[in-house]
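Listed here are the chains, written in short residue letters.
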Amino acid sequence: GAKGIARLRNALARDDAGAAAVELAFALPILITLLFGIIQFGFIFFVWNDMMNAAREGARRLAVDSSITEADAQTLVENWLVDWPATFTVTACTTTDDSATPATCVGDDEVFVTVTAPMAEVAVIGNFVDFLGVRDLTAQVVMRKES
């Protein structure tokens, strides 16, 4: 009777065979989310690094070679990034030395190259930083023009 119920209750209280499965069920979604976040960040950083290298090369060529035009520099950067599955917007221009916005593109003291891509196209899983208002991935390079 009562002793048998007490023994059964004690045996069930000591039995933790399913505890690991329950803990795994709670921890696994968090770990998978963390893993995908690391992969996502790494891929976005890899693309951004290549965008910076392309922009730097375009700016360097535009800064040192007087025969190259802004359109040539844009083409050079676009060709650098042609293998990526994203739509890149490339702007290359000559700016004044103290220009607040490179969009003015006047003067001949500095060159400015900007590469922009939609974050949703660059990200592997989708734009996971959309809630922060980050819609584009941008790489910018400014160099002093050689005389």
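See above for the structure.
Quick summary incoming for the structure in this document. Per-chain numbering applies: the sequence of each chain, read as written, is numbered from 1 onward. The predicted nature of this model means local features are confined to residues of pLDDT at least 70 and side-chain atom pairs, given and counted, to a pLDDT of 80 or more, with totals for whole chains, interfaces and linings taken over all residues. The basis for every side-chain value is the complete set of non-hydrogen atoms in the structure, without hydrogens or water.

**Brief notes about the overall build of the chain**
Right, so step 1: Secondary structure follows DSSP: runs of H or I at least 4 residues long count as helices, runs of E at least 2 residues long count as strands, and numbering of each begins at the N terminus. The helix and strand inventory of the chain stands at four helices and three strands.
Right, so step 2: Mapped from its N terminus to its C terminus, the chain presents α and β elements in the order α-α-α-β-β-α-β.
Right, so step 3: Taking all 147 residues of the chain together, 27% fall into the buried category.
Right, so step 4: Put simply, 58% of the contacts in the chain that link residues at least 6 apart link residues at least 24 apart.
Right, so step 5: Each accessible area is a Shrake-Rupley estimate made with a 1.4 Å probe; only the visible protein chains count as cover when residues are assessed. By element, 61% of the accessible surface of the chain is carried by carbon and sulfur atoms, the whole surface being about 9700 Å². Only protein chains enter the accessibility calculation, which uses a 1.4 Å probe; a residue is then buried when its area is under 20% of its type maximum, exposed when over 50%, and partly exposed in between. Here, two residues are considered to be in contact whenever any of their heavy atoms come within 4.5 Å of each other.

**What about a nonpolar patch on the surface?**
Right, so step 1: Where nonpolar side chains cluster on the molecular surface, the patch consists of Leu24, Leu28, Ile32, Leu35, Phe36, Ile39, Val124 and Ile125 and spans about 730 Å² of accessible area.
Right, so step 2: Mapping Leu35 onto the fold places it in helix H2 (residues 19-64).
Right, so step 3: Since its relative accessible area comes to 48%, Leu35 is described here as partly exposed. Patches draw on residues past 30% relative accessible area with no salt bridge. Two like charges within 9 Å are joined, as are two nonpolar side chains (Val, Leu, Ile, Met, Phe, Trp, Tyr) within 5 Å. Just to be clear on terms, a salt bridge is a Lys or Arg side-chain nitrogen sitting within 4 Å of an Asp or Glu carboxyl oxygen.

**A short note on H2**
Right, so step 1: Multiplying 1.5 Å by the residue count of a helix minus one yields the expected span of that helix. Compared with the 68 Å implied by 1.5 Å per residue over 46 residues, the 67 Å span of H2 between its first and last C-alpha is a close match.
Right, so step 2: To get the bend at a residue, fit one axis to the 7 residues ending there and another to the 7 starting there, then take the angle between the axes. At Ala27, H2 shows its largest bend, some 35 degrees, and a proline, Pro29, comes one to four positions later.
Right, so step 3: Turning to H2, its buried residues are Gln40, Ile44, Val47, Asp50, Met51, Met52, Ala54, Ala55, Gly58, Ala59, Leu62 and Ala63.

**A short note on the nonpolar core**
Right, so step 1: With 28 residues, the main nonpolar core has Met51, Leu81, Phe88 and Val115 as its most contacted residues.
Right, so step 2: Of all elements in the fold, only H2, helix H3 (70-80), strand S1 (89-95), strand S2 (110-118), helix H4 (119-122) and strand S3 (136-144) reach the threshold of two or more residues within this core.
Right, so step 3: With nine residues, the top contributor of residues to this core is H2.
Right, so step 4: Look past the residues within four positions of Val115 in its chain and what remains in contact with it is Met51, Ala55, Val77, Leu81, Phe88, Thr89, Val90, Leu137, Thr138 and Ala139. What makes a nonpolar core is a set of buried Ala, Val, Leu, Ile, Met, Phe, Trp, Tyr and Cys residues whose side-chain atoms join them at distances within 4.5 Å.

**Some points on the environment of Ile68**
Right, so step 1: Tracing the backbone through its elements, the reader meets Ile68 in the loop between H2 and H3.
Right, so step 2: With 10 residues separating them in the primary sequence, Ile68 and Gly58 have C-alpha atoms 9.9 Å apart.
Right, so step 3: Apart from residues lying up to four places away in sequence, Ile68 is in contact with Arg61, Leu62 and Ala73.

**Quick look at the side chain of Thr116**
Right, so step 1: Residue placement: Thr116 occurs in strand S2.
Right, so step 2: If we ignore the near neighbours within four places in the chain, the residues touching Thr116 are Met51, Thr87, Phe88, Thr89, Asp136, Leu137 and Thr138.

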